[in-house]
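Chain residues, written in single-letter form:
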Amino acid sequence: MAADKLETSRDYEDFLRALKERIRTAQVRAALAVNREMVMLYWQIGCDILSRQQQQGWGAKVIDRLSKDLKTAFPEMKGFSRTNLLYMRAFAAAYPDEQIVQEVLGQITWYHNITLLDKLKLETERLWYAHTTVQQGWSRNVLVHQIESDLYHRQGKATTNFDRTLPQPQSDLANQLLKDPYSFDFLCMSEGVKERNLERSLIEHIRKFLLELGIGFAFLGSQYPIEVSGKEYRLDLLFYHVKLHCYVVIELKAVEFEPEFSGKMNFYVAAVDSLLRSPQDEPTIGIILCKSKDKTVVEFALQGMQTPIGVSTYQLPKHLQDSLPTIEQLEAELETITDTASESSNSELNETDLA
């Protein structure tokens, strides 16, 4: 009897878990459907306003009157302010193709769409950020951050040998995932930072670092130990990418890229492939993050490599860089201090002579 009750209890728990998942899925679908309908409604209202203003010569004051009348007719609904009606008109003017609104822009919130209108001028960039928002589930704040960090122009810009060392379609996906430069504006550091300090700061801000790396990176450890022929080596950072299904080794360099960096990374990637990679995993990828790089030097360094390696740069917070004095400024300040001290000393000597 006890066993029957236990079995019944397990069946019930499984049944309840399945129901919860089904309800959550239905809630998400319902929310998406409501959002899509609202975005389409706002687009249609914007189209109607544009049409009346263009064809019948309605002036700007019609927006004020329309806002007042719609608020009176639908007091329980928000979204009919003068500002929002102007956004509806701008939204319709920016996207005359209804299909784009239905298939792409209707999948993100109205506030996401307003952000795209406010911060971007080109439709190609807006649609790219809209697609990426859907794929990665960005909140509005994350979307703002990615736009302000110019992700559109950084994505897929790393110098790699992926086309030669990875099979399709993994090579394309891997190339798209890498950026150049990576923005470390969340760190309170300046130029001249040592590699270990940079590594520690990235670990302290691991959530923001993962956001900058992009969706799919799972952090496995820093100074990750691997043993080869009885000798221990340590990887700066080790990740696993759940979409690429592979390990990712990241090495941090606080200097300009040097050709020998690729040889060291080649060793690390080969070691991870041999010691950690399972038959189900794709080939391990190495990423070298440097302060700067010469593209030609990187291409020559990677030319003979048989392991997939990418080289990117990173940027530290610009406001800190701008606020720190340059070497020239420090030298000039030191000369001023020295001159002032010398003048003061001479003055004291003169006073002594006069006395």
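Residues numbered from 1 in each chain as written. Predicted model: local features only at pLDDT ≥ 70, side-chain atom pairs only at ≥ 80, totals over all residues. Heavy atoms only, no water.

## Notes on the packing of helix H5 (residues 110-119) against helix H6 (residues 123-136)
And then number 1: Running from amino to carboxyl end, H5 crosses H6 at an angle of 150 degrees, the nearest separation of the two axes being 10 Å. Relative to H6, the element H5 is oriented roughly antiparallel. Crossing geometry of H5 relative to H6 is assigned as right-handed. Facing His112, Leu116 and Leu117 of H5, the residues of H6 in contact are Arg126, Tyr129, Ala130 and Thr133.
And then number 2: Each residue belonging to the contact of H5 with H6 can be placed in one class, and the counts come to four nonpolar, two polar and one charged. (Axes fitted to C-alpha atoms, helices over the stretch in contact; angles between N-to-C directions. Helix = DSSP H or I, 4+ residues; strand = E, 2+ residues; numbered from the N terminus. Parallel < 35°, antiparallel > 145°, perpendicular 65-115°, else oblique. Left-handed = near helix turned anticlockwise from the far one by under 90°. Contact = heavy atoms within 4.5 Å. Nonpolar A, V, L, I, M, F, W, Y, C, P; charged D, E, K, R; others polar.)

## Thoughts on helix H7 (residues 140-148)
And then number 1: For H7, the complete set of buried residues consists of Val142, Leu143, Val144, Gln146 and Ile147.
And then number 2: If you follow the buried residues of H7, they end up packed against H5, H6, helix H8 (151-154) and helix H12 (206-213).
And then number 3: Where H7 terminates, the next one or two residues include Asp150, which has phi positive at roughly 60 degrees. (Buried < 20%, exposed > 50% of the residue type's maximum accessible area, 1.4 Å probe, protein only.)

## Describing a nonpolar patch on the surface
And then number 1: Nonpolar side chains collect at one region of the surface, where Leu41, Phe74 and Met77 lie side by side and expose about 240 Å² of accessible area between them.
And then number 2: By the element assignment, Leu41 lies in helix H1 (residues 2-55).
And then number 3: According to the relative accessible area criterion, Leu41 is partly exposed, its value standing at 34%. (Patch = residues over 30% accessible without salt bridge, like charges linked within 9 Å, V, L, I, M, F, W, Y side chains within 5 Å. Areas by Shrake-Rupley, 256 points an atom, 1.4 Å probe, with all protein chains shown as cover. Salt bridge = Lys/Arg side-chain N within 4 Å of Asp/Glu carboxyl O.)

## Points about unusual backbone geometry
And then number 1: Put simply, Gln168 and Pro169 share a cis peptide bond, and its omega is 0 degrees.
And then number 2: Tracing the sequence through the fold places Pro169 in the loop between helix H9 (162-165) and helix H10 (170-177).
And then number 3: The step from Asp180 to Pro181 runs through a cis peptide bond, and the omega angle for that step is 0 degrees.
And then number 4: With respect to the element layout, Pro181 can be found in the loop between H10 and strand S2 (182-183).
And then number 5: Phi is positive for Gln223, close to 50 degrees, though the residue is something other than glycine.
And then number 6: Tracing the backbone through its elements, the reader meets Gln223 in strand S3 (residues 217-228).
And then number 7: Gln223 sits in the buried class, given a relative accessible area of 16%.

As far as function goes, none of this settles anything; it's purely spatial.
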